Amino acid sequence: NRRVLLASRPVGAPTADNFKMDEQPIPKPGEGEVLLRTLYLSLDPYMRGRMSDAASYAAPTPLGSVMGGGTVAIVEVSNNSSFAVGDLVESYVGWQDYGISNGKELVKLKGVELKHPSYAVGVMGMPGFTAYQGLIDIGNPQPGETVVVAAATGAVGSVVGQVAKLKGCHVVGIAGGPEKCKYAVEKLGFDKCIDHKSDNLKQQLQDACPKGIDVYFENVGGKVFEAVFPLLNTKARVPVCGLISAYNATSINHSEIALAQFQGAILKKRMRVQGFIIFQDYFIFYDEFKKVMGKWVEDGKIFFKEDVVEGLENSQNAFIGLLEGKNFGKLVIHVGDV
Ligand code: NDP
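**What to know about the environment of arginine 37**
- On the secondary structure map, arginine 37 appears in strand β3 (residues 34-42).
- Not counting the four nearest positions on each side in its chain, arginine 37 is found in contact with Val72, Ala73, Ile74, Glu76, Asp97, Tyr98, Gly336, Asp337 and Val338.
- A polar side-chain atom of arginine 37 sits 2.9 Å from the main-chain carbonyl oxygen of aspartate 337.
- Of note is the side chain of arginine 37, whose polar atom sits 3.4 Å from the backbone oxygen of valine 338.

**Some thoughts on the packing of helix α3 (residues 126-139) against helix α10 (residues 286-298)**
- As a packed pair, α3 and α10 sit with axes 10 Å apart at the nearest point and diverge in direction by 95°. Classified by the interaxial angle, the pair formed by α3 and α10 is roughly perpendicular. For the pair α3 and α10, the contacting residues are Met126, Gly128, Phe129 and Tyr132 in the first and Tyr286, Phe289, Val292, Met293 and Trp296 in the second.

**Side note on the packing of aromatic side chains**
- Per the counting criterion, the structure on display carries 20 aromatic pairs.
- When the ring of phenylalanine 279 is compared with that of phenylalanine 283, the centres are 5.8 Å apart and the planes differ by 70°; the resulting orientation is edge-to-face.
- For phenylalanine 279, a relative accessible area of 32% puts it in the partly exposed group.
- Among the aromatic side chains, those forming a connected cluster through ring pairs are Phe129, Tyr132, Phe279, Phe283, Tyr286, Phe289 and Trp296.
- The ring centre of phenylalanine 303 lies 4.4 Å from the NZ or CZ of lysine 187, which sits over that ring.
- Its end group placed over the ring of tyrosine 183, lysine 305 keeps NZ or CZ at 5.7 Å from the ring centre.

**Side note on the nonpolar core**
- Counting 40 residues, the largest nonpolar core has Val123, Leu135, Val163, Met293 and Val297 as its most contacted members.
- Those elements giving two or more residues to this core turn out to be α3, β8 (146-150), α4 (155-166), β9 (170-175), α5 (178-186), β11 (213-217), α9 (278-282) and α10.
- Among the elements that line this core, the one with the most residues is α4, at 6 residues.
- Residue-level mapping places this core at the junction of two domains, with at least three residues from each of domain 1 (2-122 + 304-334) and domain 2 (126-279).
- Leaving out residues up to four positions away in the same chain, valine 163 has contacts with Tyr132, Leu135, Ile136, Met293, Trp296 and Ile302.
- One finds Ala208, Phe229, Leu232 and Val238 within the second-largest nonpolar core, a separate group that totals 23 residues.

**Describing the domain arrangement of the chain**
- Segmentation of the chain into domains returns domain 1 (2-122 + 304-334) and domain 2 (126-279).
- Between domain 1 and domain 2, the residue contacts involve 20 residues of the former and 15 residues of the latter.
- For the pair domain 1 and domain 2, the summed buried surface comes to about 1,500 Å²; carbon and sulfur atoms form 65% of the total.
- Remark: the boundary between domain 1 and domain 2 carries 0 salt bridges.

Quick notes on the rules
Residues numbered from 1 in each chain as written. Predicted model: local features only at pLDDT ≥ 70, side-chain atom pairs only at ≥ 80, totals over all residues. Heavy atoms only, no water. Helix = DSSP H or I, 4+ residues; strand = E, 2+ residues; numbered from the N terminus. Contact = heavy atoms within 4.5 Å. Polar contact = N/O pair within 3.5 Å; in protein donor to acceptor, adjacent residues only side chain to side chain. Axes fitted to C-alpha atoms, helices over the stretch in contact; angles between N-to-C directions. Parallel < 35°, antiparallel > 145°, perpendicular 65-115°, else oblique. Phe/Tyr/Trp six-rings, centres within 6.5 Å; stacked < 30°, edge-to-face > 60°. Buried < 20%, exposed > 50% of the residue type's maximum accessible area, 1.4 Å probe, protein only. Lys NZ or Arg CZ within 6 Å of the ring centre and 35° of its normal. Core = buried A, V, L, I, M, F, W, Y, C linked by side-chain atoms within 4.5 Å. Domains from an automatic or database assignment. Buried area = accessible area lost by both parts, 1.4 Å probe. Salt bridge = Lys/Arg side-chain N within 4 Å of Asp/Glu carboxyl O.

This is how it looks when you write it as structure tokens:
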């Protein structure tokens, strides 16, 4: 059983030294347990938070432990009557070839996921659910409104923009580089997409949002939010999903004035700015989401691009790249085959 362990806590951007790969015998499931073999490992930005021991909504990964992570796995041995050998499940085996589960957190793949198992950690799984639920529940997009989303071609952002288009909105993406922007418009159907690396981001965003911004789905923070902030309309909604531009930061430039301006705008424009942690806040709606999204994916209404990296041994570098915008689409590691 190959495993990727957390060797040390990163200061700033993670490096290869923060990880260590080892090999152990394949574990044996006890009573009521199943042995799972990983097919796909999902790599997600939140893992940077788990590598750190700063206080957060979830406990840090202990040093020397297997890096946690969502997986798609096949049941290899079952001592649990709810699961048969050969079942495909959404699981949390983490960065390793095999894992043991008591079955409680496992979700059997069905429908479109059986045709495309890695979707269970993508459009049909945690990132797709985050996009859908955060946009619908907090963003509450109405036909004709302007919705802006950053990290627009990624796992969450690509779904946010497409769902907003299905709801009849004017959708503007923000992404890193001309290739991602072209793809957001031509393939995902966004109305516009602005490159956050260009030097006139603020002006371009203003031109792309002539009626201001009604919903800003926040994935990034930092200078992207600075460009968005003045354009937010009265009664704007801001689902705060992630702040990836700060995940590797060792210090933040605090400004009392900026904070006061932000609070003043929330008050005067009566904006709704709300953070959420998808499974902690919305788990009860997961089944319902799968039905809605499954149909959209089957009907070709939602398109989903994956960035599939071959081999568990390449997880570390792929993860480091995710925090630098090197992924193009949902980052998954292909670990094994059925
Ligand atoms: P993505 O697939 O979008 O990959 C991350 C992308 O973030 C990169 O490709 C890059 O896109 C962008 N990025 C990275 N660094 C920066 C930077 N410094 N400035 C601007 N953009 C940057 O990831 P996900 O879709 O999985 O996640 C998107 C966000 O959603 C993250 O903030 C994540 O933490 C959050 N999230 C929150 C959840 C919740 O429950 N609240 C659940 C799931 C995700 P580009 O090249 O276009 O800039």
